[in-house]
Amino acid sequence: MSDANPLVGSTKLLSRQLVAVCKAKKVKRIVISPGSRNAPLVIGFTSDPYFECYSIVDERCAAFFALGLSQQLKEPVAVVCTSGSAMLNYYPAVAEAFYSDYPLVVLSADRPEALLEIGDGQTIQQEGVYGKHILFEANCKEGDAYSAFNLEKINDALNTAIEKSGPVHINLPFSEPLYKTTNQIGVSLSLTAPNREIPSDSFSKTELTHWNSANKILVLVGEIPPEAVAQDLLNKLTEDKRVLIMTETTSNVHHPKLVNAIDQLIAPLDQEQLAALKPDILVTLGGMIVSKKIKAFLRTFAPARHWHVGPKRAYDTFFCLERHFKSSTNNWLGSLPMSANEHASDYRDFWLQIRDKRRMAHKTYLKNLPFCDFKAYQAVLKAIPAGKMLQVSNSAAIRYTQLFELDSKLPVFCNRGTSGIDGSSSTAVGAAVGSGKPTVLLTGDLSFFYDSNALWNNYLPNDFRIVLINNQGGGIFRILPGNNNSKAFTTYFETKHRLTAQHYCNMYGFEYAQAADMNDLDAVLSDFYHDNGKPKLLEITTPGHVNDRYLLDYFDFVK
């Protein structure tokens, strides 16, 4: 920038310190929720061309948008809000970031301490508001006398976000006046660098003996970013006939010798078959597991030992966790010994044969299936062109998606940290912006309407596509045990509605298409991904009263 246009910042030293440390730590993307108390921060970030700033009014959407950016960029992204209840609306995304390991940085402006709890407007108790769902909280103090204290806290917070890949909160009190600026923005920085070392944990002699003597090893792969698992290491693992690999759609792991539709394989098994599937060793890789059926199976038929591999944390999901290897997936796979097992094992090949039979039955069942949710998901997933990114909402959308084989080059993401429907659309928009890839959001009706403010921003790419499966309510609840025909069920569980997305599309500038049968759907999908210079939404209306029956019948049929 030339001398004629010098950088400006707030007269508040705390604001200038915060902006300078963010720049030093390469926290480049800043999502701003408009307000007044955060004016010193807004001035600092928007005046420096280093930062890429986004303005999103709805705080909940803003935080999930930032989460989507972080998901794709694999770096910290900051959200900035005013004081009061604004920061509470960030909480759902903070919780998702905590459980999905995204470095979300919450920057909340606050009233100075003297104005708290005296009845002043737009104030809440902001200190400690995120409880146990953040990795670090920096409660700064107002006044130049606290400059060294504030600098240390800000530095520690950002280092934590980078090192541990999770959410942090920096609370920043500002007194009025809030809008004064200065071109004397330089601040003295003395910062410690984040520790970027990746731990590498190895086998003990006892564990090596357990591994070599096991006849049945089940490797369960949860949520992992695309291309995070080295293909040559995966290939090596698949050569071991004792090892059966099961993957979730969100694992982004593909190989001919693995089970990619877990529920399709497990759901029809009787107790004797489940006992035969029980592994000696269970190894889990990656993040959260979607399949309830695999959880129920492994809790009932618990393996002798469960080992989890991951640098951060290990969940005792199956109540038999023995060992947490604090290592990256690739480091751990690279350390695996060649099999020393002299006993022939048919564990892998037997279950792959069952998998193949299930796949044939799957195709037969869908071929003769009337129009419904299941049929719609089949058509939609098959029609996604190469080069896209798929973002899937929670509830029925991700569970249906898990029943299909997807293109190995299609990256798949879903907010499985808390499994909520509240920010799926906003995350998808942020991910599309952050990645620059043509993005498809596959969502259900409740998730879409709940997060409809996700479309209220100026950053939607023209190649953004939404496929909305509208079955007029929470159809997934019909699959669960209960009286599905009672008034209480339809009102309070299924939440029947008559909403459509057409008016939203008119308001937000989307091209709208609708389908209510296979002929309509095939016709719309034929040109849905063509570039018409604006984002598009396809709303597929399905018969909500029969979807559950067709899905439950499916598991009986594939048996």
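Residues numbered from 1 in each chain as written. Predicted model: local features only at pLDDT ≥ 70, side-chain atom pairs only at ≥ 80, totals over all residues. Heavy atoms only, no water.

Asks: Looking at this model, I keep getting lost on the side chain of threonine 284. Mind explaining?
Replies: For threonine 284, the position within the fold is in strand β11 (residues 281–285). Owing to a relative accessible area of 6%, threonine 284 belongs among the buried residues under this scheme. Not counting chain neighbours up to four residues away, the residues in contact with threonine 284 comprise Leu220, His306, Trp307, His308, Val309 and Phe318. (Helix = DSSP H or I, 4+ residues; strand = E, 2+ residues; numbered from the N terminus. Buried < 20%, exposed > 50% of the residue type's maximum accessible area, 1.4 Å probe, protein only. Contact = heavy atoms within 4.5 Å.)

Asks: Mind showing me how you'd approach the packing of helix α3 (residues 59–73) against helix α4 (residues 91–100) here?
Replies: Two packed helices can be described by the angle between their axes and the distance between those axes. Running from amino to carboxyl end, α3 crosses α4 at an angle of 25°, the nearest separation of the two axes being 8 Å. The pairing of α3 with α4 is recorded here as roughly parallel in orientation. Here α3 contributes Arg60, Ala63, Phe64 and Leu67 to the contact with α4, which in turn contributes Pro92, Ala93, Glu96 and Ala97. For the contact of α3 with α4, the residue count by class is six nonpolar, no polar and two charged. (Axes fitted to C-alpha atoms, helices over the stretch in contact; angles between N-to-C directions. Parallel < 35°, antiparallel > 145°, perpendicular 65-115°, else oblique. Nonpolar A, V, L, I, M, F, W, Y, C, P; charged D, E, K, R; others polar.)

Asks: Please clarify how the pairing of strand β18 (residues 511–515) should be interpreted in this entry.
Replies: For a regular strand, side chains alternate in direction, first toward one face of the sheet and then toward the other. Where β18 meets strand β19 (residues 536–541), five bridges bridge the pair, whose relative direction is parallel. Bridged to alanine 515 within β19 is isoleucine 540. With helix α19 (residues 518–525) bridging β18 and the parallel β19, this β-α-β connection has right-handed handedness. (Pairing = 2+ DSSP bridges. Right-handed = clockwise from strand over helix to strand, strands pointing away.)

Asks: Explain the sheet that holds strand β2 (residues 29–32) to me, please; I cannot follow it from the model alone.
Replies: Strands in a sheet are paired, the pairing made by backbone hydrogen bonds, and the direction either parallel or antiparallel. Read from one edge to the other, the open sheet built from six strands follows the order β3-β2-β4-β5-β7-β6, with strand pairing classed as parallel. One side of each edge strand has no neighbouring strand; the edge strands of this open sheet are β3 (52–55) and β6 (136–139). Averaged over all neighbouring strand pairs, the angle between strand axes comes to 20°, with direction disregarded. The pairing of β2 with β3 spans four bridges and is parallel. Residue pairing across strands places isoleucine 30 opposite cysteine 53, the latter belonging to β3. Along the sheet, helix α2 (residues 39–47) contacts β2, β3, β4 (77–81), β5 (104–110) and β7 (168–173); its crossing angle with β2, the most-contacted strand, is approximately 140°.

Asks: Where do I start with the side chain of glutamine 264 in this structure?
Replies: Checked against the element boundaries, glutamine 264 lands in helix α8 (residues 262–266). Residue glutamine 264 is classed as buried on the basis of its relative accessible area of 4%. Only 3.3 Å separates the side chain of glutamine 264 from the side chain of histidine 362, close enough to count as a polar contact. (Polar contact = N/O pair within 3.5 Å; in protein donor to acceptor, adjacent residues only side chain to side chain.)

Asks: Honestly, the pattern of salt bridges in this entry has me stumped. Any pointers?
Replies: When the charged atoms of two side chains with opposite charge come close together, those side chains can pair. Using the criterion set out here, one finds 14 salt bridges in the structure. Linking glutamate 75 and arginine 29 is a salt bridge whose minimum nitrogen-to-oxygen distance equals 2.6 Å. With glutamate 75 in the loop between α3 and β4 and arginine 29 in strand β2, this residue pair connects regions lying 46 residues apart in the sequence. With relative accessibility at 15%, the residue arginine 29 sits in the buried group. Residue lysine 312 is joined to aspartate 101 by a salt bridge in which the shortest nitrogen-to-oxygen separation is 2.9 Å. Placement of lysine 312 in the loop between β12 (305–309) and β13 (321–325) and of aspartate 101 in the loop between α4 and β5 is noted, with a sequence separation of 211 residues between them. Looking at lysine 312, the relative accessible area reads 27%, which means it is partly exposed. The exposure class of aspartate 101 is partly exposed, given its relative accessible area of 27%. Because the salt bridges share partners, they merge into one network encompassing Arg29, Glu52 and Glu75. (Salt bridge = Lys/Arg side-chain N within 4 Å of Asp/Glu carboxyl O.)

Asks: Help me understand helix α6 (residues 205–213), please; the structure alone is not making it clear to me.
Replies: For an α-helix, 3.6 residues make a turn, and residues three or four places apart therefore share a direction. Among all positions in α6, only Glu207, Trp211 and Asn212 are buried. Buried residues of α6, seen end-on, are gathered within an arc of 130° and therefore sit on one face of the element. Looking at α6, the residues exposed on the side facing more than 90 degrees away from the buried face are Lys205 and Thr209. Buried residues along α6 sit against β9 (217–221), α7 (231–238), β11, β12, β13 and α11 (329–334). (Arc of directions from axis to C-beta.)

Asks: Is there a simple way to explain the nonpolar core in this structure?
Replies: Nonpolar side chains in soluble globular proteins tend to end up buried together. Within the largest apolar cluster, 46 residues are counted, with the highest numbers of intra-cluster contacts made by Phe374, Leu390, Val467, Leu521, Leu538 and Ile540. A total of six residues in this core trace back to one element, the largest contributor, which is helix α13 (residues 373–383). Those residues in contact with isoleucine 540, other than ones at most four positions away along the chain, are Phe371, Ala376, Val380, Val467, Leu468, Ile469, Asn470, Ala515 and Leu521. In terms of nonpolar packing, the next biggest core, distinct from the first, is built from 42 residues, Cys61, Cys81, Val94 and Tyr102 among them. (Core = buried A, V, L, I, M, F, W, Y, C linked by side-chain atoms within 4.5 Å.)

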